[in-house]
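# Residue-level structure breakdown
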Amino acid sequence: MSFTTDESRWPDVWLAATARGISSCGDFLAAATLTLALQSAGAGGLAVSGLLLAATLPLVVLAPLTGRLADRVDSRVLLVAAGLVQAAVCLALAYARDPVLVIALVALLATGLAVTQPAIAALVPVMVRFEDLPRAGALNQTAGTLGALAGPALAGLLVGQFGTRVPLLVDAFSYLALVAAGLLIRTRRGGRRTRAAVAAAVAPAWRLRRDPLLTVMVGSVAAVIGAVGAVNVIEVFFIRETLGSSTTVYGLVTGSWTLGIVLGAWLFARVARRLADDGALLGAGLVLLGGCCLAVLVSAAVPSAWLLVPIWLAGGVANGGNNVFDQLLLARRVPEASRGRAFAVFGAAAQGAAMGGYLVGGLLLEVAGPRVLIAGCGVAGLLVVVALLGPVRRAVRAERAAARTATPAAVSVAAKSV
């Protein structure tokens, strides 16, 4: 699957991880800043869901294009160009006041993210040997989640002290990390490298539907996110209004789930190295998705925002483990020349499901209270996980049956060639 045959290039891994962490902090800083601004101005759930939809729609709609860009255009060109554009957009966002202009700029900012996400995700496996991929993936995910952890907390502090302009100006500078990474990372993919690989390949072009195991994995993640995704809209009203917490507490509490993702990534990276069977990875991932949904359900019963911290920390651990397993499955099973498209397809499925959750959350907040809706999201997620047990079992059985029939054939071919 075209991992490097030399020593793993850890300096490049660290550069990519650092860039992802800083830019991820910027992404979440902007999202949390604008969400808090809307809530403080008295906007309702539909306004918050509209903002989140603007930040998500480009990742879904543009996935076919951005995935091919990640595979066909030099990774250095993509990172430098996207980083500069995102910095300029965020600078404009700091001074924008018209709601329509703000939403348009948020969508443009997300367009840059739609380009950089698959580019970095597909670049990391090329930097390391196969056996080092779980560790490199955990490092990359840790950086991203630490950025996501810092973003809301930083937004809560800065918005409370300075309003919305200062955090958005800080955000503009964060995207320059992508420019620096693009210039400093020695490992490159895309451009002539990928075109040569495609020309030399004898296997048919990669398609998700031709891999039942990956199809079920992507569908499972999307289904669970769709079931619980409304929490992303509801949580600001649950924490700020139902539980009566400040913007600072909101930032710190929402960051606890992200901290759990960091812990889960490193904990389950060790487990992933021992799971050579892809079916076992898929099954374990579904169990972890169930853990995420259980954490959401339990959180609906808390009387204080601070009690959310241990619950969401545990949910984040399960989330981080599932992320490691998913990334490893994609890297193992997708040819190197198609990984940008594969990661874009996976991201589009997850983000598309999240969009459905955002819309539902905004609508439901008009007719029900946040606590009831949080509980409903948890129950819906657990029911989806139970419904997915059958498809996952069938995909794993089909995978293992195919492996059993392929092995004797391979032995027969080898014997004939002696």
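Since this is a predicted model, take the numbers as computed values, not measurements.

What counts as what
- Residues numbered from 1 in each chain as written.
- Predicted model: local features only at pLDDT ≥ 70, side-chain atom pairs only at ≥ 80, totals over all residues.
- Heavy atoms only, no water.
- Helix = DSSP H or I, 4+ residues; strand = E, 2+ residues; numbered from the N terminus.
- Expected span 1.5 Å × (residues − 1).
- Buried < 20%, exposed > 50% of the residue type's maximum accessible area, 1.4 Å probe, protein only.
- Polar contact = N/O pair within 3.5 Å; in protein donor to acceptor, adjacent residues only side chain to side chain.
- Phe/Tyr/Trp six-rings, centres within 6.5 Å; stacked < 30°, edge-to-face > 60°.
- Lys NZ or Arg CZ within 6 Å of the ring centre and 35° of its normal.
- Axes fitted to C-alpha atoms, helices over the stretch in contact; angles between N-to-C directions.
- Left-handed = near helix turned anticlockwise from the far one by under 90°.
- Contact = heavy atoms within 4.5 Å.
- Nonpolar A, V, L, I, M, F, W, Y, C, P; charged D, E, K, R; others polar.
- Patch = residues over 30% accessible without salt bridge, like charges linked within 9 Å, V, L, I, M, F, W, Y side chains within 5 Å.
- Areas by Shrake-Rupley, 256 points an atom, 1.4 Å probe, with all protein chains shown as cover.
- Salt bridge = Lys/Arg side-chain N within 4 Å of Asp/Glu carboxyl O.
- Lys, Arg positive; Asp, Glu negative; His and termini not counted.
- Charge placed at Lys NZ, Arg CZ, Asp CG, Glu CD.
- Core = buried A, V, L, I, M, F, W, Y, C linked by side-chain atoms within 4.5 Å.

### Side note on helix α10 (residues 212–228)
Taking 1.5 Å per residue as the helical rise, α10 with its 17 residues ought to reach 24 Å, and the 24 Å between its terminal C-alpha atoms agrees with that figure. Listed as buried for α10 are Leu213, Leu214, Val216, Met217, Val218, Ser220, Val221, Ala222, Val224, Ala227 and Val228. The opening residue of α10, the one whose side-chain oxygen lies 3.2 Å from the backbone nitrogen of Leu213, is Asp211.

### Comments concerning the packing of aromatic side chains
Using the criterion set out here, one finds 2 aromatic pairs in the structure. On the basis of an interplanar angle of 75° and a centroid distance of 6.5 Å, the ring pair of Trp257 and Trp312 is categorised as edge-to-face. Remark: Trp312 occurs in helix α14 (residues 308–333) and Trp257 occurs in helix α12 (residues 247–274); sequence separation between them is 55 residues. The class for Trp257 is buried, based on a relative accessible area of 17%. For Trp312, a relative accessible area of 4% gives the class buried. The aromatic ring of Trp10 is capped on one face by Arg135, whose charged end is 4.2 Å from the ring centroid.

### Some remarks on the packing of α14 against helix α15 (residues 339–364)
Where α14 contacts α15, the two axes come as close as 10 Å, and the packing angle between them is 145°. Classified by chirality, the crossing of α15 by α14 is right-handed. Two secondary-structure elements touch here, α14 through Asp326, Gln327, Leu330 and Ala331 and α15 through Arg339, Ala342, Phe343 and Phe346. In terms of residue class, the contact of α14 with α15 is built from 5 nonpolar, 1 polar and 2 charged.

### Some thoughts on a positive patch on the surface
Together, Arg135, Arg270, Arg273 and Arg274 give the surface a local cluster of positive charge. On the accessibility criterion, Arg270 (60% relative accessible area) is exposed.

### Details of a nonpolar patch on the surface
Taken together, the side chains of Leu84, Phe173 and Leu176 present a nonpolar region at the surface, about 320 Å² in accessible area. In this structure, Phe173 sits in helix α7 (residues 165–174). By relative accessible area, which is 62% here, Phe173 ends up exposed.

### What about the side chain of Asp278?
Within the secondary structure layout, Asp278 lies in helix α13 (residues 278–299). Side chain to side chain, Asp278 and Arg333 meet in a polar contact 2.8 Å long.

### Focus on the nonpolar core
In terms of nonpolar packing, the biggest core is built from 104 residues, with Met217, Leu282, Leu308 and Leu330 touching the most fellow members. When sequence neighbours within four positions are dropped, the list of residues in contact with Leu330 reads Leu214, Met217, Ala342, Phe343 and Phe346. Among the nonpolar cores identified, the runner-up in size contains 5 residues, and Ala70, Leu78, Ala82 and Val115 belong to it.

### Let's talk about the environment of Ala88
Among the structural elements, Ala88 can be located in helix α4 (residues 75–95). Along the backbone, Ala88 and Phe173 are 85 residues apart, and their C-alpha atoms lie at a distance of 9.2 Å.

The analysis is restricted to geometry; functional conclusions fall outside its scope.
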